[in-house]
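Coordinate analysis (summary)
So the chains spell out like this:
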Amino acid sequence: ELALDGSDIGLNATVLAVYLWVVAALSLPNIKTFLAGFMRLDLSTSGIVKLIIRVADILTPVADEIIEDVRGGTKIWADETGWRVRGVTWWLWAFANETAAYYYAAPCRGSPVIMQILGEAFWGVLITDAWAAYNLFPCLLKQTCMAHIFRKIRQQIKENPNARSLLSFHSALKRLLKDGVRLQERRKEIDDDAFWQRYDRLRERLDDLLKWKNPNPMLAKLIEQVRRQHGKILAFVLVQGCPNHNNFAEYIIRKGVLKRKVSGGSMSKRGAAAYAILMSIAQTCHLRKICFRKFLVASLLQYIRTGKPLLLSEYAIRLNTKKKAA
């Protein structure tokens, strides 16, 4: 029980290598140097890769559990970033809710990946940036990231400081969203008729704003960009706790961005898949305030004993039992 079957290094060293690769985002040569210098383990980078891929294969059922948890929520945040596999452009996708994050590496940035991961439909609110691939995915509600839109407006204002119409449009749209946030917060305090009347008034104000009279070319282009997101600007008001931005997904995907900058991506499809599986587990552990290293040890130990890894739900039951016993 001190090592995986056929492995020439112990379980703790195996877990440490995975931790350094995923959480610390170290490159393979640096992991090799660390293990040699601090633990006197002489491993090749190819040996480390094989070990990490093997651990990811073992823990695939845990990643499957995580995506089911993501699908079962009322809100899903989604984002994607560029990835490389042997120098070829791929994409690292991230789908998350408040307690689970699932990563997936694919050579495609289109809607088929979304449907493959989330299923044929989602009966909640999908919070994304303005990437068109999400438009084709059927779900109950979609909320676009207004932070992206405001960044574009502020950039235009910075480049054209004398364009008063841009400033006016920015202020009016910002007030509209603030009123939407206030209405969302007061949902439980007012009756349904009053809520829907105020919500309809917000939508009318948005329609009026998009009918800006005689906009200059810059503002006209900006209004057209906002108009394309029309049905996804005020969806957040209808769902308690739903934001009008996609900052959470950007936080989740930033882990992958850091890894890409350090390592440049993956050298094989299996390596990319292994990173996605292990990053899903690491980030979900972080969201649930679970020690990733301790979970890996417990899960792999059960695999050594039974041939099946310990799932996160089972690990949570163990932790709760220990707390009650204490």
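First things first, this report covers the structure right here in the doc. This is a predicted model, so every value here is computed, not measured.

Attention shifts here to the overall build of the chain. The helix and strand inventory of the chain stands at 13 helices and five strands. Viewed in the frame of its principal axes, the chain has a C-alpha envelope of about 75 × 45 × 35 Å. Split into buried and exposed, the 326 residues of the chain put 47% on the buried side. Split by element, the accessible area of the chain, about 16900 Å² in all, is 54% carbon and sulfur. For the chain, the distance from the average site of its 49 positive side-chain charges to the average site of its 28 negative ones is 7 Å.

Applying the stated criterion across every chain, the model contains twelve salt bridges. The residue Glu68 makes a salt bridge to Arg71 at a minimum N-O spacing of 2.6 Å. Here Arg71 and Glu68 lie together in helix 4 (residues 60–71), a separation of three residues that amounts to about one turn. Put simply, Asp179 and Arg182 hold a salt bridge, and the shortest N to O gap is 2.2 Å. Here the residue Asp179 and the residue Arg182 both occupy positions in helix 7 (residues 164–185), the gap between them amounting to three residues, near one helical turn. It is possible to trace a salt-bridge network through shared partners that takes in Asp179, Arg182 and Arg205.

Ranked by internal contacts, the top residues of the largest apolar core, which has 75 residues, are Leu59, Phe95, Leu278 and Ile281. Here this core takes eleven residues from helix 11 (residues 269–287), the largest share from any one element. With near-sequence residues (within four places) excluded, Leu278 lies in contact with Val18, Trp21, Val22, Ile52, Val55, Ala56, Leu59 and Phe292.

Turning our eyes to something else, we now look at the environment of Arg186. Mapped onto the elements of the fold, Arg186 is located in the loop between helix 7 and helix 8 (192–210). Arg186 sits 54 residues away from Gln240 along the chain, and the two C-alpha atoms are 9.9 Å apart.

Pairing analysis gives nine bridges linking strand 1 (residues 75–85) to strand 2 (residues 88–96), with the strands arranged antiparallel. Bridge pairing links Gly82 to Trp91 in strand 2. Counted between consecutive antiparallel strands, the loop separating strand 2 from strand 3 (residues 101–106) contains four residues.

Per the stated rule, a full pass over the model turns up twelve aromatic pairs. Look at Trp93 and Tyr134: their rings are 6.1 Å apart centre to centre, the planes differ by 75°, and that puts the pair in the edge-to-face class. Placement of the pair is Trp93 in strand 2 and Tyr134 in the loop between strand 4 (122–128) and strand 5 (139–144), with a sequence separation of 41 residues. You can call Trp93 buried: its relative accessible area is 0%. Clustering of aromatic rings is evident, with ring pairs tying together Trp21, Trp83 and Tyr275. Its end group placed over the ring of Trp131, Arg109 keeps NZ or CZ at 3.8 Å from the ring centre. The ring of Phe195 carries the charged tip of Arg187 above its face, separated from the ring centre by 3.9 Å.

The rules we used
- Residues numbered from 1 in each chain as written.
- Predicted model: local features only at pLDDT ≥ 70, side-chain atom pairs only at ≥ 80, totals over all residues.
- Heavy atoms only, no water.
- Helix = DSSP H or I, 4+ residues; strand = E, 2+ residues; numbered from the N terminus.
- Buried < 20%, exposed > 50% of the residue type's maximum accessible area, 1.4 Å probe, protein only.
- Areas by Shrake-Rupley, 256 points an atom, 1.4 Å probe, with all protein chains shown as cover.
- Lys, Arg positive; Asp, Glu negative; His and termini not counted.
- Charge placed at Lys NZ, Arg CZ, Asp CG, Glu CD.
- Salt bridge = Lys/Arg side-chain N within 4 Å of Asp/Glu carboxyl O.
- Core = buried A, V, L, I, M, F, W, Y, C linked by side-chain atoms within 4.5 Å.
- Contact = heavy atoms within 4.5 Å.
- Pairing = 2+ DSSP bridges.
- Phe/Tyr/Trp six-rings, centres within 6.5 Å; stacked < 30°, edge-to-face > 60°.
- Lys NZ or Arg CZ within 6 Å of the ring centre and 35° of its normal.

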